[in-house]
Amino acid sequence: MITHGKSIKIFAGNSHPELAKQIADILGTTVGDAKVSTFSDGEISVDINETVRGMDVFLVQSTNNPVNDNLMELLIMIDAFKRASAGRITAVMPYYGYARQDRKAKARDPITAKLVADILTAAGADRVLTMDLHAAQIQGYFNIPLDHLLGAPILAKYFVQKGFSSREDVVVVSPDLGSVTRARKFADKLHAPIAIIDKRRPKANVSEVMNIIGDVNGKIAILVDDMIDTAGTITNGAQALVDRGAKEVYACCTHAVLSGPAIERIKNSVIKELVMLNTINLPKNKMLDKFKILSIASVFAEAIRRIYEEVSVSKLFED
């Protein structure tokens, strides 16, 4: 609980008000009185119903689907609080949309992750707090401080508590070559070996498993990824693991984007349990019995407390 005399305010957009409330409860405060609505033509309106002059303001807003609406809400809220003379504005973005467009993959591609960083800064954000950017180099796209929290320790702790760290038949699997570092750190916490799925992606949101590097025969496999979007990668990978002798397959991710055919794919897949963090507010109509959702509220609350009290946040970056 915050005890010193500085002023702090937590506000929420429409993308994840429940998470904002959880964070505020942990900090011993309440979510500020602000309303984000739309005019009849779809334009976004922001009403701040309390003073924020000179205060340390934290705006909780994930930029998931509808990504453009949620992003515009955040930008307009930042502008409104800036013009209301807030002392410092931190954009708390548990999920950073457009993070996959982080480089030019082919000629004439935009680098939208950099564009979003620029417009957040131009809108008036003084700082950004986020979790598990799809590409770590996005941290360098900002000319303002960015704190990058990690979701893997929360996920690993869940499996440790279930006793997976004391078993000899567990293998942690990276769904692609880009996630090997994440899988290795996750495996260290479970004292387990790793395997790697070698895949190719002929076009966006389509993946094909080419080969599996490592021993998965007779093992309990845990697939670890930063996000699951259409679930093609994770479900194809899970099936490939079973085809190669894995006896059970679990999966986990930080960001449950779950767009398009994702729910149906996961429902019909061999995945026994999918463990996710609540960086994105998952509607009740998307919930399955095999889903397990863990809260990130305590990690973000601690980060906010440290930023607010101007003490080191670096401990929270440790895996």
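As shown above, the structure is provided for reference.
Before going into details, it helps to say that this report is about the structure given with it. Predicted, not measured: the structure shown is a model, and the values here were computed from it.

Per the counting criterion, the structure on display carries 16 salt bridges. Of the charged contacts, one joins D229 and R100 as a salt bridge, the two residues approaching to 2.7 Å between their closest N and O atoms. Taken as a pair, D229 in the loop between β11 (220-228) and α6 (232-243) and R100 in the loop between β5 (88-93) and α3 (112-123) lie far apart in primary sequence, 129 residues in all. The exposure class assigned to D229 is buried, which follows from its relative accessible area of 12%. Under the relative-accessibility criterion, R100 is labelled partly exposed at 37%. Among the ionic pairs, K114 bridges to D118, the shortest N-O distance being 2.7 Å. Taken together, the residues K114 and D118, both in helix α3 and four residues apart, mark about one turn of the helix. Via salt bridges that share partners, E302, R305, R306 and E309 belong to a single interconnected network.

Next up on the list: the nonpolar core. Judged by nonpolar contacts, the single largest core of 46 residues is most densely connected at I23, F159, F186, L190, I222 and I304. Per-element tally for this core: the top contributor is helix α8 (residues 297-309), with eight residues. Shared between two domains, this core takes at least three residues from each, and those domains are domain 1 (8-149 + 297-316) and domain 2 (152-288). Sequence-distant contacts of I222, defined by excluding residues within four places in its chain, comprise F159, F164, V170, V171, V172, V173, F186, L190, Y250 and C252. Core analysis: the next-biggest nonpolar cluster, separate from the first, contains 33 residues, A91, A113, A117 and Y141 among them.

A word on the packing of helix α4 (residues 152-161) against helix α5 (residues 180-190). Between α4 and α5, the shortest axis-to-axis distance is 9 Å and the interhelical angle comes to 35 degrees. Note on packing geometry: the crossing formed by α4 with α5 is right-handed. Where α4 abuts α5, its residues A152, P153, L155, A156, F159 and V160 lie against F186, K189 and L190. A class-by-class count of the residues in the contact of α4 with α5 yields eight nonpolar, no polar and one charged.

What counts as what
Residues numbered from 1 in each chain as written. Predicted model: local features only at pLDDT ≥ 70, side-chain atom pairs only at ≥ 80, totals over all residues. Heavy atoms only, no water. Salt bridge = Lys/Arg side-chain N within 4 Å of Asp/Glu carboxyl O. Helix = DSSP H or I, 4+ residues; strand = E, 2+ residues; numbered from the N terminus. Buried < 20%, exposed > 50% of the residue type's maximum accessible area, 1.4 Å probe, protein only. Core = buried A, V, L, I, M, F, W, Y, C linked by side-chain atoms within 4.5 Å. Domains from an automatic or database assignment. Contact = heavy atoms within 4.5 Å. Axes fitted to C-alpha atoms, helices over the stretch in contact; angles between N-to-C directions. Left-handed = near helix turned anticlockwise from the far one by under 90°. Nonpolar A, V, L, I, M, F, W, Y, C, P; charged D, E, K, R; others polar.

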